[in-house]
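Take a look at the letters that make up each chain.
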Amino acid sequence: MTTHEQFADDLALYALGSLEGEAAAALDAHLEECAACRQELARLEGDMALLALTVSGPAPPQRGRQRLLKGIGHEPRSLRTVFIRRRWWTLAPVFASFVLAIFAILLWRENVRQRDRIEGLRADAAQNQTTLEEAKHLLALLTDPSAQHITLAAAQSKPQPAGKAIYMAGNGALVFMASNLAPLAPQKTYELWLVPMHGEKPRPAGMFRPDPSGNAMVMMPPMSPGVEAKTFAVSIEPEGGSPTPTMPLVLVGS
Ligand SMILES: [Zn+2]
């Protein structure tokens, strides 16, 4: 005759998947017909899962852990019985199961973290790609010889040479565009100058020749960062440029 007293020890091992052979078969058969033991098994399985989460989970379920610890302390038919009656080596599979369960949860959490990181990188790359595409379109427009450059001036006034410099002192980035420039004599060049804020002598900022329509552009010449500009100016110089601007200036910023 089987009663559930004799299965009390085995239930905890069974919950961990560590009960084998005849003992497991006998408990299987008993569980078929004993609701009390099925309930006890379900409770133990719940406690195992909660314990594993308590060790590594983001929000320790205190209530579940206390229930398990209380169960071990006061409940003669649960884990306490197992730990007292079993010799240590019979518990090796129990610890192995615990370690595996905790390891599996840690791996799962690491996977989730890696997946979030990869999705973040993917979003960054997509954003960079979009920015790069926009920059390419802008650059293509500014540098394409077939693009139309139209200078607008006060109506009924004769278009005069004009230029616009866009400069960022912090990193020395510079774009300069000019229009309505007179054609150059051979062996001559236009030269752009940065006039520093604090009275130093003008610094060369690129040489250029206009296209047949009188348009010209200087894009990102090599400049030292951190030089505040008072203004920019353009002069005509011998081919190869000059150390200082030759007067008179063709264009000068206000
Ligand atoms: Zn039973």
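Definitions and limits used
Residues numbered from 1 in each chain as written. Predicted model: local features only at pLDDT ≥ 70, side-chain atom pairs only at ≥ 80, totals over all residues. Heavy atoms only, no water. Buried < 20%, exposed > 50% of the residue type's maximum accessible area, 1.4 Å probe, protein only. Helix = DSSP H or I, 4+ residues; strand = E, 2+ residues; numbered from the N terminus. Contact = heavy atoms within 4.5 Å. Phe/Tyr/Trp six-rings, centres within 6.5 Å; stacked < 30°, edge-to-face > 60°.

This part is about helix α1 (residues 8–15). Extensive coverage of α1 is indicated by the burial of seven of its eight residues. The set of residues buried in α1 consists of Ala8, Asp9, Asp10, Leu11, Ala12, Leu13 and Ala15. A positive phi of about 75° marks Gly17, the residue just after α1.

So, about the side chain of Thr189. For Thr189, the position within the fold is in strand β3 (residues 188–196). Residue Thr189 is classed as buried on the basis of its relative accessible area of 6%. Apart from the residues within four sequence positions on either side, Thr189 is in contact with Leu184, Met207, Phe208, Ser235, Ile236, Glu237, Pro238, Glu239, Gly240 and Gly241.

In this structure the tally under the stated criterion is three aromatic pairs. Ring centres of Tyr167 and Phe232 lie 5.3 Å apart, and the angle between their planes is 70°; on these two criteria the pair is classed as edge-to-face. Separated by 65 residues along the polypeptide, Tyr167 in strand β1 (residues 162–168) and Phe232 in strand β6 (residues 229–238) bring together distant segments of the chain. The structure contains a cluster of three or more aromatic residues connected by ring pairs, namely Phe176, Tyr190 and Phe208.

Note that all results are geometric; they support no functional claim without further evidence.
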